[in-house]
Amino acid sequence: MLLEKEDSTEVEAAVRQESQRLAQLHGYCALDTPPDKLCDQVTQLACSMFDVEIALVALVDEHRQWFKSRVGLEVSETPRADSFCNHAIQTRHGMVVTDALQDARFSRHALVTGAPFIRFYAGAPLVTPQGLSLGTLCIIDSRPRPDFGASQFAQLNQLAAIVMERLEQLRNRGYIDHVTALPNRARLMEVLRVRGHARPGASGADAAVAVDICPREYLFDMVKALGWDYAEGFLMEVSRTLRRVLGTLPLYRVTTTTFVYLDETAPAQRRRRIADIEQRFTPALEFQGIPHLLDIAIGVLPMEEDVSGGDVVRSLLTVIDVSREEGVSPRLFESVHAEKQRYAFWLLAALPMALTTPDELVLHFQPKVRLRDGACVGVEALIRWHHPIHGNIPPDVFIPLAEKTGQIRQVTAWVLRQVVAQVARWLKSGRALPVAFNASARDFDSDELRELLAQQLKLHKVPPALIEIEFTEHAMANHPQQVRQRVQALRELGVKVAIDDFGAGFSNLSYLKNIPADTMKIDRSFIHRLLDDEADQLIVPSILHLAHNLGFSVVAEGLESERTATLLRHLGCDYGQGYAIARPMPLAELEAWLERRG
């Protein structure tokens, strides 16, 4: 019984060691890679030094041995079961067979009794710093070599050490994150390719898990406040913390704030590991005396489908975004996310062409009326996209994407040019109709908006007072002083400025007393239930009172009934805009609408 237990223990240890060896082999990402000049020089040198017919750099995988370099052999891999090297890697010292016909292990071997008629074999193991053999540098000949002695084998081991050093160099070149010393995104993609995680038939238990330690803005603010050295030290502390939780699982840094690991355990164990990560980052992470309460997001991608390494990384980053948007962590990747991802990519690729293609982008206009007498005092210009193949693309789909990528500036510039040109055309026909358009928070990152507007006003000889720029409270969130200065610069041109969607976003009242705006637009969320919601019936009069005392005129957005318009008129609201007045409409319909109203 004792012997049986000892045998069982030895088998378990051997299985564990082989699992570790294969993990290290795959971690070097050398399998199925192009030839390497230095490895080829070593095998050529080995053939010359030892006067043999064949020399190989053989990497022993789970079911095959693959040749990183080979001289004297045509095939690039052979089954592991037929491999002499499979025996050589079982010992740290390698193996020498001076005459295979005289060795009981190999005398009836197919490669001995048949081509290439192996009589002599010597394999020096390729040993990692952890003491595991990835394969061998081996030499083979069809002649027995009874004179092959210890000094010659020592020389072969020296050449094997050179090959191993080269494999280390190839692994580290371009594959290590210089801040954390973790494997980077390129390494992860190579690991996925080599290990077959991206191929169909992968185990349903396999998953890639992404941990985004904080919103990118948090890290950028840290850099601005404390410097790059501190931020890099912080990232190193984060990586150490994650590695303590993950143990021996490899960890990869794939973006500034996102780390990834591959989890091949059962779903229950995977969930426990994720819970451990969340628990570790729930209290503040202290670094150099400064506590950081991190808002981590975790995304999980089951590795069940045929996806490439690049798709894995992209899908993980997508599910991290979904996790943050929904406030759900961990968030499991779903196929709909991939569809949205592809659609978003297509939109972003198609938008620049739409900006230069006639009639693909158009403006619709929604009237704004004075509530006390119903007179139309202006319109708001709203962009619409009609793609020749995909039809109408809603602005609430493509505008947020454009804002994320910076294309929103080109969109705003297109709208601005169209608006000023249309106002000029109306002026020539005798109609002085003010037009408002929306500017994004990103439009206030530079002076380009003001410069373009000044140029277009001068080009078309349009009075600035006929143009109104609307921006949301969100534009004030990060750099209120900078935005205030740029808004003031716009007003100095003579254009009007409106605070759009008031109450739906940033809602910091402190900026209202300083922002140089003319108009406040109350967000539709307070208007559409005004007749029934007691809270809205308290909030709206308070907003009106505050706005008027600060010198703003007030527009109620989202008017959907005449009763709501009547109530707002009694409350002292100046203007209204919404479906109860008119929906956004193309230019021709707007002009007909204006004609009907006289």
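Everything here concerns the structure above.
Residues numbered from 1 in each chain as written. Predicted model: local features only at pLDDT ≥ 70, side-chain atom pairs only at ≥ 80, totals over all residues. Heavy atoms only, no water.

Glancing now at the overall build of the protein chain. Along its length, the protein chain carries 18 helices and 22 strands. Radius of gyration (C-alpha) of the protein chain: 35 Å, far over the 25 Å computed for a compact globule of 598 residues. Over its C-alpha atoms, taken along the principal directions, the protein chain stretches across nearly 110 × 55 × 40 Å. Expressed as a percentage of its 598 residues, the buried residues of the protein chain come to 48%. Intrachain contacts of the protein chain at a sequence separation of at least 6 include 65% that bridge at least 24 residues. (Helix = DSSP H or I, 4+ residues; strand = E, 2+ residues; numbered from the N terminus. Rg over C-alpha atoms; globule rule 2.2 N^0.38 Å. Buried < 20%, exposed > 50% of the residue type's maximum accessible area, 1.4 Å probe, protein only. Contact = heavy atoms within 4.5 Å.)

Attention shifts here to helix 15 (residues 480-492). Its 13 residues place the ends of helix 15 18 Å apart at the C-alpha level, agreeing with the 18 Å of an ideal helix rising 1.5 Å per residue. Buried within helix 15 we find Val483, Arg486, Val487, Ala489 and Leu490. Mapping the buried residues of helix 15 onto a view down its axis gives an arc of 155°, with all of them on the same face. Where helix 15 is buried, its residues touch helix 14 (448-460), strand 18 (467-472) and strand 19 (496-502). Residue Gly494 follows helix 15 closely and has a positive phi angle near 105°. (Expected span 1.5 Å × (residues − 1). Arc of directions from axis to C-beta.)

By size, the foremost hydrophobic cluster in this structure holds 78 residues, and its most contacted members are Ile383, Trp385, Val419, Phe444, Leu453, Ile467 and Leu568. Sort the elements by how many residues they give to this core and helix 13 (residues 408-428) lands first, with eleven residues. The contact partners of Leu453, leaving out residues within four places of it in the chain, are Leu416, Val420, Ile467, Ile469, Leu490, Leu493 and Val495. In terms of nonpolar packing, the next biggest core, distinct from the first, is built from 30 residues, Leu126, Val163, Met164 and Leu167 among them. (Core = buried A, V, L, I, M, F, W, Y, C linked by side-chain atoms within 4.5 Å.)

This part covers the pairing of strand 7 (residues 207-212). Across the six residues of strand 7, six count as buried, placing the element largely inside the fold. Both faces of strand 7 are covered, namely the face carrying Ala207, Val209 and Val211 and the face carrying Ala208, Ala210 and Asp212. In terms of strand pairing, strand 7 meets strand 9 (residues 258-263) through six bridges, oriented antiparallel. Counted as the bridge partner of Val211 is Phe259 from strand 9. (Pairing = 2+ DSSP bridges.)

Turning next to the packing of aromatic side chains. A complete count under the given rule lists ten aromatic pairs for this structure. Taking the centre distance of 5.3 Å and the plane angle of 90° together, the rings of Trp385 and Phe398 count as edge-to-face. In this pair, Trp385 is assigned in strand 15 (residues 376-387) and Phe398 in helix 12 (residues 395-405), connecting sequence segments 13 residues apart. Here Phe398 falls in the buried class, since its relative accessible area comes to 2%. Through a chain of ring-to-ring contacts, three or more aromatic side chains come together here, namely Tyr343, Trp346, Trp385 and Phe398. When the ring centre of Phe120 is taken as reference, the NZ or CZ atom of Arg145 above it lies at 5.5 Å. (Phe/Tyr/Trp six-rings, centres within 6.5 Å; stacked < 30°, edge-to-face > 60°. Lys NZ or Arg CZ within 6 Å of the ring centre and 35° of its normal.)

Another aspect to go through is the sheet that holds strand 12 (residues 297-302). With respect to topology, five strands assemble into an open sheet ordered 8-9-7-12-13, the strand pairing being mixed. Only two strands of the sheet have a single neighbouring strand rather than two, namely strand 8 (251-253) and strand 13 (331-332). Across three bridges, the pairing between strand 8 and strand 9 is antiparallel. Bridged to Arg253 within strand 9 is Phe259.

This part covers the side chain of Arg187. With respect to the helices and strands, the residue Arg187 is situated in helix 6 (residues 185-195). There is a polar contact of 2.3 Å between the side chain of Arg187 and the backbone oxygen of Arg171. Filtering out sequence-adjacent residues up to four positions away, Arg187 remains in contact with Gly27, Tyr28, Cys29, Leu170, Arg171, Asn172, Tyr175 and Tyr252. (Polar contact = N/O pair within 3.5 Å; in protein donor to acceptor, adjacent residues only side chain to side chain.)

Its place among the elements puts Glu468 in strand 18. Along the sequence, Glu468 and Thr566 sit 98 residues apart, while their C-alpha atoms lie 26 Å from each other.

What follows deals with the pairing of strand 5 (residues 120-127). Most of strand 5 sits out of view: seven of its eight residues are buried. In terms of strand pairing, strand 4 (residues 95-97) meets strand 5 through three bridges, oriented antiparallel. Residue Val96 lies in a different strand from strand 5, and its bridge partner there is Ala122. When strand 5 meets strand 6 (residues 133-141), the two strands line up antiparallel, connected through seven bridges. The residue bridging Val127 from the neighbouring strand is Ser133, located in strand 6. Linking strand 5 back to strand 6 in an antiparallel pair, the connection comprises five residues, with Gly131 at a positive phi of about 90°.

What follows is about empty space enclosed by the protein. Here the structure, examined in full by the defined rule, presents one cavity of 30 Å³ or more. What the largest cavity holds in volume is close to 50 Å³. What lines the largest cavity is Asp443, Phe444, Ser446, Asp447, Leu449, Arg450, Arg486, Ala489 and Leu490. Elements supplying a minimum of two residues to the lining of the largest cavity: helix 14 and helix 15. Grouping the amino acids of the lining of the largest cavity by side-chain chemistry returns four nonpolar, one polar and four charged. (1 Å grid on protein atoms, 1.4 Å probe; cavity = no way out; pocket = protein on both sides within 12 Å on 5 of 7 lines; lining within 4 Å. Points joined across faces, edges and corners; volume = space filled by probe spheres on them. Nonpolar A, V, L, I, M, F, W, Y, C, P; charged D, E, K, R; others polar.)

A few words on helix 2 (residues 37-50). If you check helix 2, its first and last C-alpha atoms are 20 Å apart, about what 14 residues at 1.5 Å a residue would give, namely 20 Å. All buried positions along helix 2 are accounted for by Cys39, Val42, Thr43, Ala46, Cys47 and Phe50. The arc enclosing the buried residues of helix 2, seen along the axis, measures out at 135°, which places them on a common side. Opposite the buried face of helix 2, by more than 90 degrees, sit the exposed residues Lys37 and Ser48. On the buried face of helix 2, the contacting elements are strand 1 (54-60), strand 2 (64-71), strand 6 and helix 5 (150-172). Where helix 2 starts, the residue carrying a side-chain oxygen 3.3 Å from the main-chain nitrogen of Leu38 turns out to be Asp36. Immediately downstream of helix 2, the backbone of Asp51 shows phi near 55°, a positive value.

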